[in-house]
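What follows is each chain in one-letter form.
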Amino acid sequence: MSAIPRFLLVVPILAFSVSLGQPLLLGSDISGLHFLQVQASALAEEVLNTPSADASERETDTQRFMPIEGAAPAPKGFDAFCEDNPAQCESAGAGEFPNGVRLDVRRWAQLQKVNREVNAAINRVPDQVLYGIAEQWAFPKQGAGDCEDFALEKRRLLLALGWPMETLLVTVGVDREKRGHAVLTVVTEQGDLVLDSKSPAILPWYATPYRYTCRQSAVSPRNWVHIGDNRTTSLPTICK
């Protein structure tokens, strides 16, 4: 297994600070926001310079890549989304990027832009309020949506920019309050990264405050697979 890149060690500290909404103060002449911007620039450089992992490394490097453990049922509401949006669930072309995409400056900038703009443009509103039902997977409606709607919109925009569908996987888990949450996982040669509606930072999957239970299959986006996330045993699972 290759050594863990330095940025994967630094990011959890930044993620913790961002999630609390607290500034990082290192002195009277530097604000928390400025420090975070400096560290974000360093993070981007580290991400782009992280060595790619080949197939054999992916099998063992469960730090950078989510461990997959076989087929799982789709979350409630997802099948109906595919019926309404069949092009978003097609498997054509799957297999061309078995190790994910190689991040470069252009792709990294696209991820940052999409994550930032969608998070800013959409108001978080529960499905019960928007649709009158507990779970409705859909693209944001009139500038509002639930967490999975954020993930679906980011996926749609990245697909339009030419990203391979098999590398953009909606992923489900639970947060510290044991509530269900959905994010978009981007599979890269450098590791699995998470675009989250609750955070402006793009983080390695294991540096986020969730226990992941299942995600779309890279082979067929209509199907789902279990994630063997054993980092936290006290949280429940969504994909039974």
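The coordinates are above.
Residues numbered from 1 in each chain as written. Predicted model: local features only at pLDDT ≥ 70, side-chain atom pairs only at ≥ 80, totals over all residues. Heavy atoms only, no water.

### A closer look at the environment of glutamine 112
Relative to the helices and strands, glutamine 112 resides in helix α5 (residues 105–121). What makes glutamine 112 partly exposed here is its relative accessible area of 30%. Separated by 83 residues in sequence, glutamine 112 and leucine 195 have C-alpha atoms that sit 8.8 Å apart. (Helix = DSSP H or I, 4+ residues; strand = E, 2+ residues; numbered from the N terminus. Buried < 20%, exposed > 50% of the residue type's maximum accessible area, 1.4 Å probe, protein only.)

### Some thoughts on the side chain of glutamine 88
When you line up the elements, glutamine 88 lands in the loop between α4 (78–84) and α5. With near-sequence residues (within four places) excluded, glutamine 88 lies in contact with Phe81, Phe139, Arg155, Arg156, Leu159 and Met165. (Contact = heavy atoms within 4.5 Å.)

### Section: the nonpolar core
Counting 30 residues, the largest nonpolar core has Leu111, Trp137, Leu158, Trp163 and Trp224 as its most contacted members. The dominant element in this core, judged by the number of residues it contributes, is helix α7 (residues 147–160), at five residues. When near neighbours in sequence (up to four residues on either side) are disregarded, tryptophan 163 contacts Val101, Leu103, Arg107, Gln110, Leu111, Leu158, Leu168 and Val186. Core analysis: the second largest hydrophobic core is formed by eight residues, Val194, Tyr206, Tyr210 and Ile227 among them. (Core = buried A, V, L, I, M, F, W, Y, C linked by side-chain atoms within 4.5 Å.)

### Quick notes on unusual backbone geometry
One non-glycine residue, glutamine 142, lies in the positive phi region at around 50°. Locating glutamine 142 in the fold gives a position in the loop between α6 (127–131) and β3 (144–145).

### Some words on the state of the cysteines
A full pass over the atoms with the stated rule returns one disulfide. One disulfide bridge connects cysteine 82 with cysteine 89, the sulfur atoms lying 2.1 Å from each other. Between cysteine 82 and cysteine 89 the disulfide shows an S-S torsion of about -85°. By sign, it is left-handed. Take cysteine 82: its relative accessible area is 1%, and that puts it in the buried class. (Disulfide = S-S within 2.5 Å.)

### Regarding the side chain of aspartate 196
Inspection of the secondary structure assignment puts aspartate 196 in the loop between β6 (191–195) and β7 (203–204). Only 2.8 Å separates the side chain of aspartate 196 from the side chain of histidine 181, close enough to count as a polar contact. For aspartate 196, the side chain forms a polar contact with the main-chain nitrogen of lysine 198, separated by 3.1 Å. When near neighbours in sequence (up to four residues on either side) are disregarded, aspartate 196 contacts Asn115, Asn119, Lys154, His181, Val183 and Tyr210. (Polar contact = N/O pair within 3.5 Å; in protein donor to acceptor, adjacent residues only side chain to side chain.)

### Some points on the sheet that holds strand β5 (residues 180–188)
Taken in spatial order, the seven strands of this open sheet run β1-β9-β8-β4-β5-β6-β7, and their pairing is antiparallel. Looking along the sheet, the strands with just one partner apiece sit at the ends: β1 (68–72) and β7. Strands β4 (168–174), β5, β6 and β8 (211–216) of the sheet are contacted by α7, whose axis makes an angle of about 20° with β5. (Pairing = 2+ DSSP bridges. Axes fitted to C-alpha atoms, helices over the stretch in contact; angles between N-to-C directions.)

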